[in-house]
Amino acid sequence: MRGPRAKNAIKLLLPLALWLGVWEFLALGVGHSLLLPGPGEVAVRLFALAWTGEFWATALVSLGRVFLGGALGAVLGATVAALSAWKAPVGWALTPVMKIVRATPVASFILLIWLWCSSDWVPVVIAALMSAPVVWSATAQGLESADPKLLELARAYRFDRYKTARLIYIPSAKPAVAAGCRTAMGLAWKAGVAAEALSRPRLALGTQVYNAKVYLETTDLFAWTVAVVALSFMLERGLWALWRLWERRGAGGTA
Amino acid sequence: MELRDLTVHFGDKRVFDHRDFTFPDHGLTLLTGPSGVGKTTLLRALFDRYRADSAFLFQEDRLLPWRTVEQHLLDVMPAPDRSVAAELLELVELTGEEKNYPGALSGGMARRLALGRCLALPSVRLLLDEPFAGVDLARQGRILARLKALGKPIVMTGHGPELEGYADHVTAL
């Protein structure tokens, strides 16, 4: 391994080793795994959990809930932004709603939604509510970024609304929407797991985190948290890979 | 083609002040003059007046980075026809580039693609702003000859004695 790949590996592994060292040092200082387990202990517990079918079922169901909610929120946000760009009064009506949703603390939403939905659906709705304003804002910015010279061309060349949207607005907004979706999924994941921890559906990472805390199984609490973080990275990388694939089908060297 | 009492000003600068222009509605008319004299403004005024049946080539290429060469032509046709697109690409000497995106084209090729797309529009006359910027002289001559053979009236801006040689009418501003 030479050159940039080696450099990238060092850039990734060196800080990781540094912070694992700090963690181990602190754990040794505290001296009690009930308060702060060391990284080795957590890794052993994580591997033990990973050997069970329940761990993977829990992870998959949690991922599914957050992905479903995040996707619904993204579609909702993008639709509201597109409708607002198309008809100004729709924007006047819906923009305050999006701003209020964005500003409302997630805990308030979780408790409210929990009153109205079964605990299985709370994380889905919360993930949707967290991702919608982010994607709405990104889509609105993306649509505004459409080159005025291309829009003038569309008028001069008699493009109808559908063609203008398909050939100019959507491709112009694509990068901003992708970046928005990436941010939104990160938020949806965190908020979704928090919603699980409060509403405690049967198969859920959040429920496991909550149970570990209640029964003072601090090592389990850390292990489940590490699993949440790792799955968050995987979700983000997976979505990014999908985006790159979609992008490669668009502008490039040759078709 | 007529423009009567044309007045255009940008802020304090008056480009045209109650001017009248008449252009023959046949052959190739070349608009010449130093930079900033108002060639593009006049061509745009002509397009505004005859928008319904004219095809306008902007001074900038205004290509869509996410569409292929062939798609650029098909996109502006009311009934997309690949054989017509192929003929037009041959006219502007871009045969073989169909699947390429604008990012893979040189400046002159991009200009010729913009011209090809303009030709794909349904129109009875062509209004072309600097159609040969970045295109070599030999190619300019070949493409101009083919453009004239289409039989549509053309009004275009440009510089140089070579272009004047092909023009049926020259309007100097």
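Remember, it's a predicted structure, so these values are computed and weren't measured experimentally.

**What to know about a nonpolar patch on the surface**
- Together, L18, W19, V22, F25 and L26 of chain A make up an exposed nonpolar region whose accessible area comes to about 570 Å².
- For V22 of chain A, a relative accessible area of 32% corresponds to the partly exposed category.

**A few points about the pairing of strand β4 (residues 54–57) of chain B**
Residues and elements named next belong to chain B.
- Residues S54 and F56 point to one face of β4 and A55 and L57 to the other, with burial holding for every one of them.
- Sheet topology places β4 next to strand β5 (residues 125–128); four bridges connect them, and they run parallel. Considered in β5, the bridge of F56 is made with L127.

**Describing the confidence of the model for chain A**
- Within chain A, residue pLDDT values average 88, and 96% of them lie at 70 or more.
- Mean pLDDT across the elements of chain A bottoms out in helix α10 (residues 218–248) of chain A (85) and peaks in helix α7 (residues 148–156) of chain A (95).

**Structural notes on the nonpolar core**
- Counting 67 residues, the largest nonpolar core has Y157 of chain A together with L115, L128, F132, L147 and M156 of chain B as the members making the most contacts within it.
- Counting residues per element, this core draws most heavily on helix α4 (residues 107–120) of chain B, at eight residues.
- The residues touching L128 of chain B, leaving out its near neighbours within four places in the chain, are L43, L57, L115, C118, L147, I154, V155, M156 and T157 of chain B.
- Core analysis: the next-biggest nonpolar cluster, separate from the first, contains 19 residues, A127, M185, A223 and L231 of chain A among them.

**Concerning unusual backbone geometry**
- Although it is not a glycine, R200 of chain A adopts a positive phi angle of roughly 50°.
- Tracing the chain through its elements places R200 of chain A in the loop between α8 (161–199) and α9 (205–214).
- With a phi angle near 50°, E130 of chain B is a residue other than glycine that sits in the positive phi range.

**Describing the sheet that holds strand β6 (residues 154–157) of chain B**
Residues and elements named next belong to chain B.
- If you walk across this open sheet you meet the five strands as β4-β5-β6-β3-β7, and the pairing is parallel. Strands at the two margins of the open sheet, each flanked by one partner only, are β4 and β7 (169–172). With direction set aside, neighbouring strand axes in the sheet form an average angle of 15°.
- The sheet strands contacting α4 are β4 and β5, and the helix crosses β4 at an angle near 170°.
- Taken strand by strand, helix α5 (residues 137–149) contacts β3 (28–32), β5 and β6, and its axis lies near 150° from that of β6.

**Overview of the interface of chain B and chain A**
- Facing the 27 residues of chain B at the interface are 22 residues of chain A.
- Between chain B and chain A lies a buried interface of about 2,000 Å² when both sides are counted; carbon and sulfur atoms form 58% of it.
- Viewed at the interface, chain A and chain B are joined by three salt bridges.
- Between K149 of chain A and E60 of chain B there is a salt bridge, and its shortest N-O distance comes to 3.5 Å.
- Inspection of the chain B/chain A interface yields nine residue pairs in polar contact (both at pLDDT 80 or more).
- Counting residues per element, the ones that place at least two in the side of chain B that touches chain A are α1 (39–49), β4, α2 (69–76) and α4 of chain B.
- Ranked by residues supplied to the side of chain B that touches chain A, first place goes to β4 of chain B with three residues.

Rules used throughout
Residues numbered from 1 in each chain as written. Chains lettered and ligands numbered in written order. Predicted model: local features only at pLDDT ≥ 70, side-chain atom pairs only at ≥ 80, totals over all residues. Heavy atoms only, no water. Patch = residues over 30% accessible without salt bridge, like charges linked within 9 Å, V, L, I, M, F, W, Y side chains within 5 Å. Areas by Shrake-Rupley, 256 points an atom, 1.4 Å probe, with all protein chains shown as cover. Salt bridge = Lys/Arg side-chain N within 4 Å of Asp/Glu carboxyl O. Buried < 20%, exposed > 50% of the residue type's maximum accessible area, 1.4 Å probe, protein only. Helix = DSSP H or I, 4+ residues; strand = E, 2+ residues; numbered from the N terminus. Pairing = 2+ DSSP bridges. pLDDT = per-residue confidence, 0-100. Core = buried A, V, L, I, M, F, W, Y, C linked by side-chain atoms within 4.5 Å. Contact = heavy atoms within 4.5 Å. Axes fitted to C-alpha atoms, helices over the stretch in contact; angles between N-to-C directions. Buried area = accessible area lost by both parts, 1.4 Å probe. Polar contact = N/O pair within 3.5 Å; in protein donor to acceptor, adjacent residues only side chain to side chain.

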